[in-house]
Amino acid sequence: MSKDKIPKLFEGSVNELTKPSKPKKEEKALKSKDLKKEKMQKTLYISRDMNKKLIELYADEGRRQSAIVEDAVNLYYYLKLALGEKKFNELLSAVKREDPDFLRDYMEKFKL
């Protein structure tokens, strides 16, 4: 075998191969960004009924669907924190009845 037939994989020195890598800039950037403003890809699997409700909200509100979903998540999150597990589950069961009049009567118990 001649020397010309052996491929050269690396032409630098061994020191360059063993040198520690540079710190990633992305990690520093992610820490300093505000989480609310950071855009992320969202995959939302919802029922047809939920999709219909979302489209109705979009039409009524005239806003982006992502903004409506973010509002819904914030509402869910902060209601759960404020009411506690038991009261929050009661509220959810009232919502799942899908009866606006019943929910209105139920919500009158809460003081704002």
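Residues numbered from 1 in each chain as written. Predicted model: local features only at pLDDT ≥ 70, side-chain atom pairs only at ≥ 80, totals over all residues. Heavy atoms only, no water.

- The chain goes by CopG family transcriptional regulator in an unreviewed UniProt entry, where it is assigned to Thermococcus pacificus.

**Focus: the layout of surface pockets**
- In this model, the largest pocket occupies a volume close to 1,200 Å³.
- In this structure, the largest pocket is lined by 31 residues; those nearest its centre are Met50, Leu57, Ala72, Leu75 and Val95.
- Those elements that place two or more of their residues in the lining of the largest pocket are helix H3 (48–61), helix H4 (65–96) and helix H5 (100–107).
- Of the residues forming the lining of the largest pocket, the biggest block, 14 residues, is contributed by H4.
- When grouped by side-chain class, the residues that make up the lining of the largest pocket number 20 nonpolar, no polar and 11 charged. (1 Å grid on protein atoms, 1.4 Å probe; cavity = no way out; pocket = protein on both sides within 12 Å on 5 of 7 lines; lining within 4 Å. Points joined across faces, edges and corners; volume = space filled by probe spheres on them. Helix = DSSP H or I, 4+ residues; strand = E, 2+ residues; numbered from the N terminus. Nonpolar A, V, L, I, M, F, W, Y, C, P; charged D, E, K, R; others polar.)

**Re the packing of H4 against H5**
- Orientation of H4 relative to H5, taken along the N-to-C sense of each, is 155°, at an axis distance of 9 Å. Compared by their axis directions, H4 and H5 come out roughly antiparallel. Contacts between H4 and H5 involve Lys87, Glu90, Leu91, Ala94 and Val95 from the former and Phe102, Leu103, Tyr106 and Met107 from the latter.
- Per-class residue counts for the contact of H4 with H5 are seven nonpolar, no polar and two charged. (Axes fitted to C-alpha atoms, helices over the stretch in contact; angles between N-to-C directions. Parallel < 35°, antiparallel > 145°, perpendicular 65-115°, else oblique. Contact = heavy atoms within 4.5 Å.)

**Focus: a nonpolar patch on the surface**
- On the surface, Leu44, Ile46 and Met50 cluster together into a nonpolar patch covering about 260 Å² of accessible area.
- Its location among the elements puts methionine 50 in helix H3. (Patch = residues over 30% accessible without salt bridge, like charges linked within 9 Å, V, L, I, M, F, W, Y side chains within 5 Å. Areas by Shrake-Rupley, 256 points an atom, 1.4 Å probe, with all protein chains shown as cover. Salt bridge = Lys/Arg side-chain N within 4 Å of Asp/Glu carboxyl O.)

**Notes on the packing of aromatic side chains**
- The final tally for this structure, using the stated rule, is two aromatic pairs.
- Measuring from ring centre to ring centre gives 4.9 Å for tyrosine 77 and tyrosine 78, while their planes differ by 85°; the resulting arrangement is edge-to-face.
- Judged by relative accessible area, tyrosine 77 falls into the partly exposed class, the value being 46%. (Phe/Tyr/Trp six-rings, centres within 6.5 Å; stacked < 30°, edge-to-face > 60°. Buried < 20%, exposed > 50% of the residue type's maximum accessible area, 1.4 Å probe, protein only.)

**Comments concerning the pattern of salt bridges**
- Summed over the entire model, instances satisfying the criterion amount to five salt bridges.
- Across the salt bridge formed by arginine 63 and glutamate 61, the nearest N and O atoms sit 3.9 Å from each other.
- The exposure class of glutamate 61 is partly exposed, given its relative accessible area of 45%.
- A salt bridge links aspartate 71 to arginine 63, with the shortest nitrogen-to-oxygen separation between them at 2.3 Å.
- One network of salt bridges, in which partners are shared, links Asp49, Lys53 and Glu98.

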